[in-house]
Amino acid sequence: MFSPLIDKLISALRVLPGVGPKSAQRMALQLLEHQREGAARLAQALVAALDAVDRCKSCRTLSEDDECSICRNPRRDASQLCIVESPADVLAIEQAASFSGKYFVLLGRLSPIDGLGPKEIGMDILERRLQEDEVKEVIIATNPTVEGEATSHYIADLAKSRSIKVSRIAHGVPLGGELEYLDGGTLAHALSSRREL
Ligand SMILES: [Zn+2]
């Protein structure tokens, strides 16, 4: 409909969550018409972030360092490992709950239909950590969805086979609710009233 480069920009913008064809078109035209400096900053920031940000080698969260700041922090309690689905969940727990342990970020959940098996969600790295580290309790904070529960069972088996205590956070949340959208109080309560599996 527009010239090829504008069309290309519009379809590129549609990778953003919640952006359909109409809003992608509006964004593209806004950037090109009125926000050329901002658009250049956006392009540079994207390229720089894509180039430098990768997964933390210990917990798989997104980090521009080889190992993220939480994993490197010697004051964090390495005996507690909280397992979450996404970097946004780490942020939510950090902001809401007084959790002083460390994290492991799955970057997904077991979903064989989508081709997400144990390896894709880092189970080999987690196994290594459970073997080498001084983890005494694994706290599973995956979302209460079907895939989240399946993932939880898988991890619980993994930890129990190494005689590590396993608990699952309580969910005062609507079924299928995503952790990152919980309010701080609910999340803090869910973590403190976790139950042993
Ligand atoms: Zn890390």
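All values reported here derive from a predicted model rather than from experimental measurement. (Residues numbered from 1 in each chain as written. Predicted model: local features only at pLDDT ≥ 70, side-chain atom pairs only at ≥ 80, totals over all residues. Heavy atoms only, no water.)

(A) Inspection of the domain arrangement of the protein chain at higher detail. Per the domain assignment, the segments making up the protein chain are domain 1 (4-52) and domain 2 (62-196). A C-alpha centroid distance of 33 Å is found between domain 1 and domain 2. (Domains from an automatic or database assignment.)

(B) Expanded view of a nonpolar patch on the surface. A contiguous nonpolar patch, built from Val15, Leu16 and Met27 and spanning about 270 Å² of accessible area, is present on the exposed surface. Within the secondary structure, Leu16 sits in the loop between helix 1 (4-13) and helix 2 (21-33). (Patch = residues over 30% accessible without salt bridge, like charges linked within 9 Å, V, L, I, M, F, W, Y side chains within 5 Å. Areas by Shrake-Rupley, 256 points an atom, 1.4 Å probe, with all protein chains shown as cover. Salt bridge = Lys/Arg side-chain N within 4 Å of Asp/Glu carboxyl O. Helix = DSSP H or I, 4+ residues; strand = E, 2+ residues; numbered from the N terminus.)

(C) A look at the coordination of the zinc ion. Distances from the zinc ion to its protein donors, namely Cys56 (SG), Cys59 (SG), Cys68 (SG) and Cys71 (SG), fall within the range 2.3 Å. Angles of 105 to 119° at the metal separate the 4 donor atoms of the zinc ion, which places the site in the tetrahedral class. The sequence pattern describing where the donors of the zinc ion fall on their chain is C-x2-C-x8-C-x2-C. On the criterion of sequence distance, the pair formed by Cys59 in the loop between strand 1 (54-55) and strand 2 (62-63) and Cys71 in helix 4 (residues 69-72) is long-range, its members being 12 residues apart. Taking relative accessible area as the criterion, Cys59 reaches 2% and is therefore assigned buried. (Donors = N, O, S within 2.8 Å, 3.2 Å for Na, K, Ca; no water. Tetrahedral: all angles 85-135°; square planar, octahedral: opposite > 155°, others 65-115°. Buried < 20%, exposed > 50% of the residue type's maximum accessible area, 1.4 Å probe, protein only.)

(D) Quick look at unusual backbone geometry. Unlike most non-glycine residues, Arg60 shows phi in positive territory, near 70°. Considering the arrangement of structural elements, one finds Arg60 in the loop between strand 1 and strand 2. Take Arg60: its relative accessible area is 4%, and that puts it in the buried class. Non-glycine residue Leu107 carries a positive phi angle of around 55°. Here Leu107 shows up in the loop between strand 4 (101-105) and helix 6 (123-132).

(E) Spotlight on the pattern of salt bridges. Counted according to the given criterion, the structure contains 8 salt bridges. Measuring nitrogen to oxygen at the nearest pair gives 2.9 Å for the salt bridge that ties Arg109 to Glu85. In this pair, Arg109 is assigned in the loop between strand 4 and helix 6 and Glu85 in the loop between strand 3 (77-84) and helix 5 (87-96), connecting sequence segments 24 residues apart. For Arg109, a relative accessible area of 21% gives the class partly exposed. Classification of Glu85 by relative accessible area gives buried; the value is 6%.

(F) Region of the structure containing the packing of helix 1 against helix 2. Viewed as axis vectors pointing N to C, helix 1 and helix 2 meet at an angle of 125°, and their least axial separation amounts to 8 Å. By the angle between their axes, helix 1 is oblique relative to helix 2. For the element pair helix 1 and helix 2, the recorded crossing hand is right-handed. Contacts from Ile6, Leu9, Ile10 and Leu13 in helix 1 reach Pro21, Ala24, Gln25, Met27, Ala28, Leu29 and Leu32 in helix 2. For the contact of helix 1 with helix 2, the residue count by class is 10 nonpolar, 1 polar and no charged. (Axes fitted to C-alpha atoms, helices over the stretch in contact; angles between N-to-C directions. Parallel < 35°, antiparallel > 145°, perpendicular 65-115°, else oblique. Left-handed = near helix turned anticlockwise from the far one by under 90°. Contact = heavy atoms within 4.5 Å. Nonpolar A, V, L, I, M, F, W, Y, C, P; charged D, E, K, R; others polar.)

(G) How the structure looks around the nonpolar core. Grouped together as the largest cluster of nonpolar side chains are 22 residues, with contacts concentrated most on Cys82, Val84, Ile93 and Leu179. Broken down by secondary-structure element, the contributors of at least two residues to this core are helix 4, strand 3, helix 5, strand 4 and helix 8 (184-192). Among all residues touching Leu179, those that are not within four sequence positions of it are Val84, Asp89, Ala92, Ile93, Ala141, Asn143, Ile169, His171 and Leu187. Counting residues in each nonpolar core, the second largest holds 19 residues, with Ile155, Ala156, Ala159 and Val166 among its members. (Core = buried A, V, L, I, M, F, W, Y, C linked by side-chain atoms within 4.5 Å.)

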